[in-house]
Amino acid sequence: MMNNQRVTIVEKIMDANDRLAGINRSLLDENGIFAINLMASPGAGKTSLILKTIEALTSQIRIGVIEGDTAPVTIDADKVHAAGMPAVQINTGGDCHLDAVMVNNALQQMPLKELDLLIVENVGNLICPAAFQLGTHANVLIASIPEGDDKPYKYPQIYRGVSALVINKIDLLPYVKFDMDYFRQGVEMLNPGLVTFPLSCQTGEGISNWVNWLKEQVSIRKIT
Amino acid sequence: MHELAVTENILEIATRHATQAQAKRVTDIYLVIGSLSSIIDDSVQFYWDIISKNTICCGAQLHFHRIPAQMTCQECGHSFSLENNLLTPCPQCSSANIRVISGEQFYLDSIEIEK
Ligand SMILES: Nc1nc2c(ncn2[C@@H]2O[C@H](COP(=O)(O)OP(=O)(O)OP(=O)(O)O)[C@@H](O)[C@H]2O)c(=O)[nH]1
Ligand SMILES: [Mg+2]
Ligand SMILES: [Zn+2]
């Protein structure tokens, strides 16, 4: 006899990823590492900000970098190596985002005991990375001036899920039509009170505020 | 597009619960998606038809229940919902000073099975 039945589940679709992200978080915590997941559209300045950060902090803290790229090119990872810090490249094989599994694999290759700060450069994309927690302590978004002031309204999910926002390329404000009030109103609607760092990786303006925030976060989690 | 990864998760969750309930077959899958979640129904359906073959879920119908984002107005306190356009001002006082309360839900609500 055929018998139809409704089974209630109510399980988050991303649950398996979120659970592994929790394991990554424990691994980071055991090693006293503060980790950030750096997300942005292609070319917003993720690698530039990482290099600026290393430059500013090189004598004070040890920074490891995980570089996510869709193609098997090591351009970004090579730049970090050249700056004297350990980097692990993840080739996502065309995937639009990093997930907790990929980051877990990369963590196995990192000298975790020697690190204070881990920066994960996600794949350049404003949609997909927003759905995948990696286990980092902070999701950080970089918006850059040439992308335009309407991005919060168009990509609300990524703005909702971050705990800090970098506004990069402010040196271009005189040349690009970018209504900062309109932009900030969108951010405030989605993520009220979000910590924001307007800066330029080109001129160095504003970098010290960003670096000081990072140092503060690192010192909170450091195991002494 | 991360719809393939998402579709694989849906299949894994549905299969696990169907097996637990000793189902012969899954006929329907009910998904709940907040309007701020950037999931494209057609892509999920496309991958679904391919990856559910030869599983207990083969031929199951996917149902997408979209729920609007919940908003509140900072000026007058009015609560309202929005389907998509986040530039819509408060319907009560026209203020643009509004806040998103929720809208990124994404879960498998239930399945219909044959025993
Ligand atoms: N004018 C200006 N240009 C910048 C700034 N920061 C970065 N750039 C330039 O923007 C371009 C992209 O920078 P990257 O750091 O490679 O950007 P990315 O986000 O890592 O790019 P992908 O990894 O390819 O997604 C480079 O040509 C940088 O020199 C800035 O503050 N001002
Ligand atoms: Mg880069
Ligand atoms: Zn109002």
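Please read all numbers here as calculations on a predicted model, not as lab measurements.

The rules behind these values
Per chain, residue numbering runs from 1 following the sequence as it is written. Chains carry letters from A onward and ligands carry numbers from 1 onward, assigned in written order. Whole-chain, interface and lining totals are the exception, using all residues; otherwise, since this is a predicted model, local features are given only for residues with pLDDT of at least 70 and side-chain atom pairs are given and counted only at 80 or more. Hydrogen atoms and water are omitted, and side-chain values are computed over all heavy atoms in the structure. Each metal's donors are the N, O and S atoms within 2.8 Å of it, or within 3.2 Å when it is Na, K or Ca, and because water is not part of the set, sites may look incomplete. In DSSP terms, a helix is any run of H or I states spanning at least four residues, a strand is any run of E spanning at least two, and both are numbered starting from the N terminus. To sort residues, take the accessible area from a 1.4 Å probe on protein chains only and compare it with the maximum for the residue type: under 20% means buried, over 50% means exposed, and anything in between is partly exposed. Nearness is judged by heavy atoms alone; a residue qualifies as near a molecule or strand once a single heavy atom is within 4 Å of it. Two N or O atoms form a polar contact when they lie within 3.5 Å of each other; inside protein one atom must be a possible hydrogen donor and the other a possible acceptor, and for residues adjacent in sequence the pair counts only when both atoms belong to side chains. Under this grouping Gly is polar, as are all residues other than the nonpolar Ala, Val, Leu, Ile, Met, Phe, Trp, Tyr, Cys and Pro and the charged Asp, Glu, Lys and Arg. Think of a salt bridge as a Lys or Arg side-chain nitrogen and an Asp or Glu carboxyl oxygen that are within 4 Å of each other.

Participant: Is there a simple way to think about the coordination of the magnesium ion (ligand 2) in this case?
Facilitator: Octahedral metal centres with six donors ideally show angles of 90 or 180 degrees, and tetrahedral centres with four donors ideally show 109.5 degrees. Residues and elements named next belong to chain A. Every protein donor of the magnesium ion (ligand 2) is accounted for by Thr47 (OG1), Asp76 (OD) and Glu121 (OE), and the metal-donor separations fall at 2.1 to 2.2 Å. Along the chain, the residues donating to the magnesium ion (ligand 2) are arranged with the sequence spacing T-x28-D-x44-E. A residue pair is termed long-range when its members are at least 10 positions apart, and Asp76 in helix 3 (residues 75-82) and Glu121 in strand 5 (residues 117-121) qualify at 45 residues. Here Asp76 and Glu121 have matching classes, each one buried.

Participant: Please explain the site of ligand 1 as it appears in this structure.
Facilitator: Residues and elements named next belong to chain A. Contacts to ligand 1 come from 16 residues, most closely from Lys46, Thr47, Ser48, Asp171 and Cys201. Take Gly45: an N or O atom from its main chain is 3.0 Å from an oxygen atom of ligand 1. One nitrogen or oxygen atom from the side chain of Asp76 is found 3.1 Å from an oxygen atom belonging to ligand 1. By residue class, the composition of the shell around ligand 1 is 4 nonpolar, 7 polar and 5 charged.

Participant: Before we go on, may I ask you to explain the pattern of salt bridges in this structure?
Facilitator: Any two side chains of opposite charge can pair, so long as their charged atoms come close to each other. Tallied over the entire structure, the rule returns 13 salt bridges over all chains. The residue A:Lys52 makes a salt bridge to A:Glu55 at a minimum N-O spacing of 3.9 Å. Residue A:Lys52 and its partner A:Glu55 are located together in helix 2 (residues 46-57), separated by 3 residues, close to a single helical turn. Relative accessible area serves as the criterion here: at 57%, A:Glu55 is assigned to the exposed category. Here B:Arg99 ties to A:Glu188 by a salt bridge, and the two come within 3.5 Å at their closest N and O atoms. Placement of the pair is B:Arg99 in strand 5 (residues 98-102) and A:Glu188 in helix 7 (residues 180-190), with the two residues belonging to separate chains. Here B:Arg99 falls in the buried class, since its relative accessible area comes to 12%. Among the charged side chains, a network of salt bridges with common partners joins A:Glu11, B:Glu12 and B:Arg16.

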